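Notes for the structure review
Here are the chains, one letter per residue:
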Amino acid sequence: MSDFSDPDELPLTPAATQAWIGLMRAQRRVLSAIEADFKKAGLPPLGWYDLLWELVQAEGGKLRPYEIESRTLLAQYNLSRLIDRLEREGLVRREVFDADGRGRWVVITDEGSAIRARMWKVYSGSIEAHVGAKLSAEEAQQLAALLARLR
């Protein structure tokens, strides 16, 4: 008798398959709609918001790159490029924290905080339009609870 410790041995139910397909399609549709709302408002992409948000939440507005990577869905190679771009735009800066100069903080600037706040005005409206307006408060709470179980 199998203990189902091998994922290849787990039975795949039609309901789980449909849930997965629905989750992926809904995520793609909602993210595309939010990105379109940002573009329409002349704002940068959602990935910028995610990184800036993590810095705003961090003590002193700064994190090490590996900390940003662990808090976001960005792969290290994409993260490095994004930090470079945000630095060129004046939204973040890098600061040395090691005596040998190898360790660096990524620090949000005042301009970075301001653009994040502008983005939130659009983002919060997008979340409401593309998620909140389609679900009752009870349904939204149920969905949040179900998704928390998947994390």
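In this text, all values refer to a predicted model and were calculated from it rather than measured experimentally.

Take the nonpolar core next. Generally speaking, a soluble globular protein has its nonpolar side chains buried in company with each other. Among the nonpolar cores identified, the biggest contains 24 residues, and L51, L55, I68, L86 and V92 are the most heavily contacted of them. Every element with two or more residues in this core is listed here: α1 (14–40), α2 (46–57), α4 (76–88), β3 (104–108) and α5 (110–130). When residues of this core are assigned to their parent elements, the largest contribution, six residues, is made by α2. Look past the residues within four positions of L55 in its chain and what remains in contact with it is G61, K62, L63, I68, V92, V106, V107 and I108.

Most of β3 is tucked away, with four of its five residues classed as buried. Of the pairings in the sheet, the one linking strand β1 (residues 62–63) to β3 comprises two bridges and is antiparallel in character. Looking at the pairing, L63 lines up with V106 of β3. Pairing analysis gives five bridges linking strand β2 (residues 92–96) to β3, with the strands arranged antiparallel. Note on β3: the bridge partner recorded for V92 is I108.

In this section: the pattern of salt bridges. In a structure, side chains of opposite charge can pair up when their charged atoms sit close to one another. Counted by the stated rule, this structure contains three salt bridges. Two residues, E95 and R93, come together in a salt bridge whose shortest N-O distance is 2.9 Å. One continuous salt-bridge network, built from bridges that share partners, spans D84, E87 and R94.

We now examine a nonpolar patch on the surface. A cluster of nonpolar residues, W20, L23, L143, L147 and L150, forms a patch on the protein surface that exposes about 480 Å² of accessible area. For the nonpolar patch, the secondary-structure elements that each account for two or more residues are α1 and α6 (137–150). In terms of residue count, the dominant contributor to the nonpolar patch is α6 (three residues). Take L23: it is sitting in helix α1. Owing to a relative accessible area of 30%, L23 belongs among the partly exposed residues under this scheme.

Here we come to the side chain of T109. With respect to the element layout, T109 can be found in the loop between β3 and α5. Not counting chain neighbours up to four residues away, the residues in contact with T109 comprise G90, L91, V92 and R93.

Bringing the confidence of the model for the protein chain into the picture now. The predicted coordinates ought not to be read in detail in places where the model reports low pLDDT. For the protein chain, mean pLDDT is 92; residues scoring 70 or higher make up 95% of the total. The secondary-structure element of the protein chain with the lowest mean pLDDT is helix α3 (residues 65–71), recorded at 92, while α5 shows the highest, at 97.

Below, the discussion takes up α4. Between its terminal C-alpha atoms α4 stretches 18 Å, which fits the 18 Å expected from 13 residues at 1.5 Å a residue. Three or more residues of α4 are buried, namely L79, L82, I83 and L86. One face of α4 carries all of its buried residues, which in axial projection span an arc of 100°. The outward face of α4, more than 90 degrees from its buried face, is lined by the exposed residues Y77, R81 and R88. Buried residues in α4 make contact with α2, α3, β2 and β3. Positive backbone phi, at 80°, marks G90, one or two positions downstream of α4.

Let us now look at the side chain of T72. Relative to the elements of secondary structure, T72 occurs in the loop between α3 and α4. The exposure class of T72 is buried, given its relative accessible area of 12%. A polar contact of 3.3 Å, which involves the side chain of T72, links it to the backbone nitrogen of L74.

Cut-offs applied
Residues numbered from 1 in each chain as written. Predicted model: local features only at pLDDT ≥ 70, side-chain atom pairs only at ≥ 80, totals over all residues. Heavy atoms only, no water. Core = buried A, V, L, I, M, F, W, Y, C linked by side-chain atoms within 4.5 Å. Buried < 20%, exposed > 50% of the residue type's maximum accessible area, 1.4 Å probe, protein only. Helix = DSSP H or I, 4+ residues; strand = E, 2+ residues; numbered from the N terminus. Contact = heavy atoms within 4.5 Å. Pairing = 2+ DSSP bridges. Salt bridge = Lys/Arg side-chain N within 4 Å of Asp/Glu carboxyl O. Patch = residues over 30% accessible without salt bridge, like charges linked within 9 Å, V, L, I, M, F, W, Y side chains within 5 Å. Areas by Shrake-Rupley, 256 points an atom, 1.4 Å probe, with all protein chains shown as cover. pLDDT = per-residue confidence, 0-100. Expected span 1.5 Å × (residues − 1). Arc of directions from axis to C-beta. Polar contact = N/O pair within 3.5 Å; in protein donor to acceptor, adjacent residues only side chain to side chain.

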